[in-house]
Amino acid sequence: MSEIESAPLSPTATEADVPWLSDDEQRAWRAYLRGSRALEAVLDAELQDAGMSLAEYELLSMLSEAPGQEMRMSRLADQTVQSRSRVTHTATRLTRRGWVERRPAPDDGRGIQLKLNDAGLAAVRSASRVHATGVQEHLIRQMDPALFQSLGDAMRNVRNHLLGAETDNYNP
């Protein structure tokens, strides 16, 4: 996973050094935090009913869009902003289900590539209907298109600030 840079306050910081949130900022922050957690929980529950977790769906969908339907596991971790350990555990579950295959990376032999197979492609295609419906119902239809576009722009700015680079290679 890419390192996230932060500038923690020193242990000797005074009250005046703390960048406290205004009341409006605090309300917006808490709304974002609670709303994003609730959204993720609902989307995960809906996908669980379809036979996979949100984390599993995210990896499978990324593989389905990748050239040759395969990607290096470290790249999957970077793009999903998950630890390599978490991606490894998720990949293990997907391998046990017969949806992906692990292969040595062709460029150096040390890394591992995940390759989506036909069963995995069928599973992600089936789950994608559930996921797209959930995202539409629980997020997109809850705001006007301009607000949704602004949300995407804002979160892209946050990601780029924290990760230091554009990591989302999705080009519709």
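Summary of the structure given here. The structure displayed is predicted, hence computed values, not measured ones.

**Re the overall build of the protein chain**
Within the protein chain, the secondary structure is distributed over six helices and three strands. Taken from N to C terminus, the helices and strands of the protein chain fall in the order α-α-β-α-α-β-β-α-α. Among the 172 residues that make up the protein chain, the fraction classed as buried is 26%. The contacts in the protein chain between residues at least 6 apart in sequence include a share of 53% that link residues at least 24 apart. A total of about 11,400 Å² of accessible surface is found on the protein chain, and carbon and sulfur atoms cover 53% of it.

**What about the environment of Ala-122?**
Within the element layout of this structure, Ala-122 appears in helix α5 (residues 118-138). Residue Ala-122 is classed as partly exposed on the basis of its relative accessible area, which comes to 47%. Considered as a pair, Ala-122 and Trp-99 are 23 residues apart in the sequence and their alpha carbons are 8.8 Å apart.

**Some thoughts on the packing of helix α2 (residues 54-65) against α5**
Where α2 contacts α5, the two axes come as close as 10 Å, and the packing angle between them is 115°. α2 and α5 meet at a crossing whose hand is left-handed. Residues Leu-54, Tyr-57, Leu-60, Ser-61 and Ser-64 of α2 lie in contact with α5, whose contacting residues are Leu-121, Val-124, Ala-127, Ser-128 and His-131. Grouping the constituent residues of the contact of α2 with α5 by class yields six nonpolar, four polar and no charged.

**Observations regarding the side chain of Ser-61**
Tracing the backbone through its elements, the reader meets Ser-61 in helix α2. At 3.0 Å, the side chain of Ser-61 forms a polar contact with the backbone oxygen of Glu-58.

**Some details on the packing of helix α1 (residues 23-49) against α5**
It is the contact of α1 with α5, at a shortest axis distance of 9 Å, that shows an interaxial angle of 150°. Considering their axes alone, α1 and α5 lie roughly antiparallel with respect to each other. Judged by the sense of rotation from one axis to the other, the crossing of α1 with α5 is right-handed. In this structure, α1 contributes Leu-39, Val-42, Leu-43, Glu-46 and Leu-47 to the contact, and α5 contributes Ala-127, Val-130, His-131, Gly-134, Val-135 and His-138. Each residue belonging to the contact of α1 with α5 can be placed in one class, and the counts come to seven nonpolar, three polar and one charged.

**Digging into the pairing of strand β3 (residues 112-116)**
Counting buried positions along β3 gives four out of five residues, so the element sits mostly inside the fold. Pairing analysis gives three bridges linking strand β1 (residues 70-72) to β3, with the strands arranged antiparallel. Looking at the pairing, Glu-70 lines up with Lys-115 of β3. Bridge count for strand β2 (residues 100-104) against β3 is five bridges, and the pairing is antiparallel. Residue pairing for β3: Glu-101 is matched across the bridge by Lys-115.

**A look at the sheet that holds β2**
Note: strands within a sheet are paired through backbone hydrogen bonds, in either parallel or antiparallel orientation. Strand order in the open sheet made by the three strands is β1-β3-β2, with antiparallel pairing throughout. In this open sheet, the two edge strands, each paired with only one partner strand, are β1 and β2. The sheet shows a mean angle of 25° between the axes of neighbouring strands, direction not considered.

Conventions used here
- Residues numbered from 1 in each chain as written.
- Predicted model: local features only at pLDDT ≥ 70, side-chain atom pairs only at ≥ 80, totals over all residues.
- Heavy atoms only, no water.
- Helix = DSSP H or I, 4+ residues; strand = E, 2+ residues; numbered from the N terminus.
- Buried < 20%, exposed > 50% of the residue type's maximum accessible area, 1.4 Å probe, protein only.
- Contact = heavy atoms within 4.5 Å.
- Areas by Shrake-Rupley, 256 points an atom, 1.4 Å probe, with all protein chains shown as cover.
- Axes fitted to C-alpha atoms, helices over the stretch in contact; angles between N-to-C directions.
- Left-handed = near helix turned anticlockwise from the far one by under 90°.
- Nonpolar A, V, L, I, M, F, W, Y, C, P; charged D, E, K, R; others polar.
- Polar contact = N/O pair within 3.5 Å; in protein donor to acceptor, adjacent residues only side chain to side chain.
- Parallel < 35°, antiparallel > 145°, perpendicular 65-115°, else oblique.
- Pairing = 2+ DSSP bridges.

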